[in-house]
Each structure stands twice: as structure tokens, then as C-alpha cells.
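Spelled out from the first residue to the last, the chains are:
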Amino acid sequence: MSRDSFLKGALVLTAAGVVVKMIGAVNRIVLSRLLGGEGIGLYQLAYPIYLLALSVSSAGLPVAISILVAEKVALSDTRGARRIFHISFVVLTITGLFFSILLYYGAGWLIESQFVRDERAYYALVALAPAIFCVTVMSSYRGYFQGQQTMIPTALSQIIEQIVRVFVMIGLAYYLLSYGIEFAAAGASFGAAPGAACGLLLLIIYERRQRQRNPDRFQRQRKVKESWFFIVSRMVRLAFPVSLANVMVPVVASIDLMIVPARLEIAGYTVQQATELFGYLTGMAVALINVPAILTGALAASLVPAVAQGFTLNRQEEVRQKLSTALTLANAITVPAMCGLYLLATPISLMLYGTPNAGAAVSTLSLGIVFLGIHQVSTGVLQGLGHTTVPVVNMFFAAIIKIVLSYFLTALPHFGIQGAALATVADFAVGALLNMLFIYRVLGCCFSVDKCLATCAAAAVMGLTVLKTYDIVMIRVFSNTIATLASVASAILIYGITLVLMGGIGLVDMERLPRVGPLLVKGFRWVLRR
């Protein structure tokens, strides 16, 4: 396995993530225009519950599978790796079925108990139930392939899942809109189930063909065969903290579901207005800040097995080098993304969603993009090192801060939905800082201050370019869409050149990127010659 093989996996997942997000962005735009803020709000009222059930059903096992499989691969015990997959498949099939049924029959209780304040979200909750089973089972396959640092199956399944999901969502939402906004939101929610089913089918076919092509690969086994109890107990020890971390995200989202709309009502908004503002934040602003998180999420997923293999073979310097590379790449993407979204929040909201009203939430939430990237990468490293408890403890402290800030800031009229966005930024920042402090204690300094400063300087130059370009184009053509697209295009060009000239990313760093690296270096040198 090459030293930078995790970059290859990250590149594959990033490419798939870009495709998935592009499809998702189109879907979000169409749904936003089709359902409006109120319909998106109903969808978002149900979605955190779905994420919570999904997180509990998988119980952090995908990450544990990835770690354990990576350890077996590092020791050339491929038979043991497959045994881990079989055990996890059985466990996840049972839990997925259980929580799918639980959500279906428990949706009415969630409405009656006022856990979900708008009773119209009932249909969206019921429609999401079948997806839990398919996604949970699919996670066992993805964890198995990622543990081998084979990211293509995961990437392809993500693309197929998203394509089918979007077609079903838009089709059903359009068809059911005449029956009422709550049924249209439910139709959009149901799209997750057939999408996940198609992704699962693709992984099943890929795994079977892999066995047929390499029948001898899985015949090796260690002299001492590990028992089911030993494997399950080890898996649980790794998975339990990860499951708590995974559960904490939808739990906090569910708490937001209870706090934010209610506190917006205290700030003076009606129930419908509060639902609409909640939709702007969770359905529109969050979708935008998740775009640059594609790369950092892919880096984190690739780092888990790569770090686990390096740690198993006692190669700490290799682990430090991988973390440094991942942080450099993450900052090179998230810093300019934060700057661009902050400056163009309202124009982008108007261009994509047809309304400027989400601009305030987008600009505030954009401040957390950098912290989100660092948090994702650092969590991947800690999980790969086997310190799976650390991220969840750090997330717990960060979540407390978020909840407190959401409660107080959202109820203030001059903050409103921006108060909830600021609380989310604080959540990302605290979690990232605590993770990096622990990594520093274990591995030492793995962060280049010089490259970070160069990245910030390049982003500042880019920001000036964005503002100037937008003003000039708006004066001449008076089109928000054209001005926004022109600003983004000029920003990408200026930032890329400035970043390399200032040393944020060197030509050596670029050349290490698999396949595309040498092409980027040649292109940059050609631009300089011209």
C-alpha cells in the first residue's frame, strides 16, 4: 500500500461527493421552489428523527468495521477481514429492521407528545421509515470496502443512491402537491428508501463479483481463529463511542427541532414563520456549508483505515504526515469557501433558492466551515488511532454549548435564526479545538502554521476579488445570477494562483495528488509562462 493511498481513496470519495452534491443541489433548488420554505420546513422536521434512528440502528459499526478490516488487511489476514464483515452484516440487518419498524409505528407518538410540533410532519416521518433498513444494511458493505481502502464501490453506490433518490423525491413531491403540502413533503421524504435500496443492490453485486474474481484471496486465515464473541466484543468497544458520536448529531438536531422553532415564536414569529425560518437554516444554509465538507468528509473516511494500518504497523511518522497533508488540503478548501459564502450569502441564496431570505442564515453559518473541516479530519484520525471515545466526549461538551446558545440567542429578536446559526458555529469550533488538542498530546504538532497563514492571505485576496467582480458585473448587466457566477469563477482562478504563489500549497503537494496532481502542476506552470 503506497504511502499516500489514502489520498487516492479521498479523491474517489470526493469525486463521488461532488457528483452527489451537485445532484443534491439541483434537487434542493427544485424542491425549494416546488415546496417553498414551509414544505422544506416540514421535510426538515422529520429528517432529524430519521437521522437519529439511523445512527442508533447502525450503532457506529461502519467505522468499527473499517478499523478492524484495515487491521486485518495490514496483517494480510483477509479471511479474518471477511469474517468481520459477515458478523457485522447479521447485526446490522437485525438492528436496521427493528428501527425501521419502530419509526413507522412511533411516528404518531412523536406528534402526540409534541416532540415534533407540527402535526403535518407525520406523513414525512412514516415515509422515511423504510429507508432505515436499507441504509443500515448498506453501511456494513461500505465499512468493509473502506477498511480495504477500496473506495470505488462506496463511491458508485453513493451516486446511484442519490440519482434514484432525487428522481423519486421530485416526482412524488410534484405529483402529491395537489393533495396538500404535507403529502408533497412526505413524497419527497420517501425518496430515500428506493435510493438506498438501489445503492445496496449495487454493493451486493460488487461484493459477489469480487469473490468470484479473487476466490483465493479469502482462503488465508490466521492460525488462531477468533471467536464470534471476541470479534463482537472488540467491535462493540470500538463502535460504542462512535455510535454515541453519530447519535449525538441527530440528537442535537432533534433538540434544535424542539428549541429553535419554539424560541423563534418567543422572539415574535408565528408558527408558520418559525417553520419557514427553520427551513432556511436547516434545509438551505446547512446544505450550502456541506458542499466544501465533501472533501473533508472524504479525507476523514479515507484517514480512518489508513491511520489504523499505520498505527498497527507502528509507523507514527507516516500517520503524522498523513494528518498534515489532510489538514493542508482541508484548509485550502474550507477557508476560501467560508470567505466566499460569507460575502455572497444573499446573492447565492437568491440564485439557488429564488429567495434572499436565507442569506442571513447562510452568512452566519459560513463562519463554521473551517471548524467543521478540521473537526471531520481530526475525528477520522482519532478513530483510526483507536481513540474512538475522545471525539464523542468532545462533541458532548460542544453540544452543551450549542444548546445553551441556541436557547438564549434564538429568542432575541435581533438575532432570531442567526442565533441558532451562531450556536452551530460554536459547536463546530469547540469540537475541533478539543480534538486537535488531544491529537497534539498523542502525535505532537501535525499542523503547518505557515501554510495556514498563506491560505488565509490568499483567501483575503480572493475576497476582494469577489466583491469587486460582483459590483462591476451587476452595474453592467444587472443580473444577480451572472454577477454571482462571474464572482465565483474569478475567485477560483485568483485564489488558486495566489495560494500557490504564497506557499499555501506547494507544487510538491500538488504532485502528490493521484492522477490529477501532475496535470495541475503543468497547468499552473503554463499559466505562469503566459
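Residues numbered from 1 in each chain as written. Predicted model: local features only at pLDDT ≥ 70, side-chain atom pairs only at ≥ 80, totals over all residues. Heavy atoms only, no water.

**Observations regarding the overall build of the chain**
Keep this limit in mind: We count a stretch as a helix when DSSP gives it H or I for four or more residues in a row; a strand needs E for two or more, and each element gets its number in order from the N terminus. Any pair of residues with heavy atoms lying within 4.5 Å of one another is described as a contacting pair. Here, Shrake-Rupley sampling with a 1.4 Å probe gives the accessible areas, and only protein chains in the shown set may cover a residue.
On a plain count of helices and strands, the chain comes out with 20 helices and 0 strands. Of the contacts formed within the chain by residues at least 6 apart in sequence, a portion of 82% connects residues at least 24 apart. On the chain, roughly 22,900 Å² of surface is accessible, and the fraction owed to carbon and sulfur atoms is 68%.

**Let's talk about the packing of helix H14 (residues 369–384) against helix H16 (residues 417–443)**
To keep it simple, the criterion reads: Only the stretch in contact is used when fitting a helix axis, every axis being a line fitted to C-alpha atoms; angles between N-to-C directions are given from 0 to 180 degrees. In this scheme, roughly parallel covers angles under 35 degrees and roughly antiparallel covers those over 145, while 65 to 115 is roughly perpendicular and the rest are oblique. In a left-handed crossing the near helix is turned counterclockwise from the far helix by less than a right angle, and in a right-handed crossing that turn is clockwise. Residue polarity is assigned by list, with Asp, Glu, Lys and Arg as charged and Ala, Val, Leu, Ile, Met, Phe, Trp, Tyr, Cys and Pro as nonpolar; anything else, Gly included, falls into the polar class.
At a closest axis distance of 8 Å, the pairing of H14 and H16 adopts a crossing angle of 40 degrees. Of the possible angle classes, the one that applies to H14 and H16 is oblique. Read as a crossing pair, H14 and H16 show a hand that is left-handed. Between H14 and H16, the residues in contact are Phe371, Leu372, Ile374, His375, Ser378, Thr379, Val381 and Leu382 and Val425, Phe428, Ala429, Gly431, Ala432, Asn435, Met436, Phe438, Ile439 and Leu443, respectively. Broken down by class, the residue content of the contact of H14 with H16 amounts to 13 nonpolar, 5 polar and no charged.

**Examining the packing of aromatic side chains**
Quick reminder of the rule: Only Phe, Tyr and Trp rings take part, Trp by its six-membered ring, and two of them pair if their centres are within 6.5 Å. Stacked means planes under 30 degrees apart, edge-to-face means over 60, and tilted covers everything else. Under the scheme applied here, a residue whose accessible area is under 20% of the maximum for its type counts as buried, over 50% as exposed, and between as partly exposed, the area being computed with a 1.4 Å probe on protein chains only. Only when the NZ atom of a Lys or the CZ atom of an Arg is both within 6 Å of the ring centre and within 35 degrees of the ring normal do we say a charge sits over the ring.
Applying the stated rule across the entire model yields 15 aromatic pairs. When the centroid spacing of 5.4 Å and the interplanar angle of 80 degrees are considered together, the rings of Tyr122 and Tyr123 count as edge-to-face. Residue Tyr122 is classed as partly exposed on the basis of its relative accessible area, which comes to 32%. Here Tyr123 falls in the partly exposed class, since its relative accessible area comes to 36%. Summarising the aromatic geometry, the rings of Tyr175 and Tyr179 are spaced 6.1 Å apart at their centres and angled 50 degrees between planes, so their arrangement reads as tilted. Tyr179 gets classed as exposed once you look at its relative accessible area, which sits at 53%. An aromatic cluster is present here, built from Phe85, Phe89, Tyr141, Tyr144, Phe145 and Tyr206 joined pairwise through their rings. When the ring centre of Tyr407 is taken as reference, the NZ or CZ atom of Arg263 above it lies at 3.7 Å.

**Considerations on the side chain of Asn435**
Our working rule: Within 3.5 Å is the distance limit for a polar contact, defined as a pair of N or O atoms, with the added protein rule that one can donate a hydrogen and the other accept it, and that residues adjacent in sequence qualify only through two side-chain atoms.
Topologically, Asn435 is positioned in helix H16. Residue classification places Asn435 among the buried residues on the basis of a relative accessible area of 0%. There is a polar contact of 3.1 Å between the side chain of Asn435 and the side chain of Ser378. Each residue touching Asn435, except ones within four places of it in the same chain, is listed here: His375, Ser378, Thr379, Leu382, Pro391 and Asn394.

**Here we look at the confidence of the model for the chain**
The test is simple: pLDDT measures the predictor's confidence residue by residue and takes values from 0 up to 100.
Per-residue pLDDT for the chain has a mean of 82; in total, 89% of the residues score no lower than 70. Predicted confidence for residues 216–223 stays below pLDDT 50, and this span has 19 contacts to residues more than four positions away or in other chains.

**Examining the nonpolar core**
So the rule is basically this: Residues belong to one nonpolar core when they are buried, are Ala, Val, Leu, Ile, Met, Phe, Trp, Tyr or Cys, and are joined through side-chain atoms within 4.5 Å.
Within the largest apolar cluster, 127 residues are counted, with the highest numbers of intra-cluster contacts made by Tyr50, Leu103, Val116, Leu125, Leu281 and Val377. No other element matches helix H4 (residues 122–147), which puts 14 residues into this core. If we skip the residues at most four places from it in the chain, Tyr50 touches Leu128, Ala131, Ile132, Val135 and Ala192. Ala245, Val252, Val392 and Ala399 belong to the second-largest nonpolar core, a separate cluster that totals 6 residues.

**Considering the side chain of Glu71**
Here Glu71 is to be found in helix H2 (residues 61–74). In this structure Glu71 comes out as buried when scored by relative accessible area, which is 18%. Look past the residues within four positions of Glu71 in its chain and what remains in contact with it is Arg234 and Thr312.

**Things to note about the pattern of salt bridges**
We apply this condition: One speaks of a salt bridge when a side-chain nitrogen belonging to Lys or Arg is within 4 Å of a carboxyl oxygen belonging to Asp or Glu.
Applying the stated criterion across every chain, the model contains 4 salt bridges. In this structure, Arg142 engages Glu161 in a salt bridge whose closest nitrogen and oxygen atoms are separated by 3.0 Å. Taken as a pair, Arg142 in helix H4 and Glu161 in helix H5 (residues 152–176) lie far apart in primary sequence, 19 residues in all. Residue classification places Arg142 among the buried positions, given a relative accessible area of 15%. The residue Lys402 makes a salt bridge to Asp256 at a minimum N-O spacing of 2.9 Å. With Lys402 in helix H15 (residues 389–410) and Asp256 in helix H8 (residues 228–266), this residue pair connects regions lying 146 residues apart in the sequence.

**Details of unusual backbone geometry**
Of note in this structure, Phe478 is not a glycine but carries a positive phi near 50 degrees. Mapped onto the secondary structure, Phe478 falls in the loop between helix H17 (449–477) and helix H18 (480–502). For Phe478, a relative accessible area of 71% translates into the label exposed.

**So, H15**
For the record, the criterion: By this rule the span expected of a helix is its residue count minus one, scaled by 1.5 Å. In this description, the arc belongs to the directions extending from the helix axis to the C-beta atoms.
Here H15 is 22 residues long and its end C-alpha atoms lie 31 Å apart, about the 32 Å a rise of 1.5 Å per residue gives. Along H15, the residues that are buried comprise Val390, Pro391, Val392, Asn394, Met395, Ala398, Ala399, Lys402, Ser406, Leu409 and Thr410. Buried residues of H15, seen end-on, are gathered within an arc of 155 degrees and therefore sit on one face of the element.

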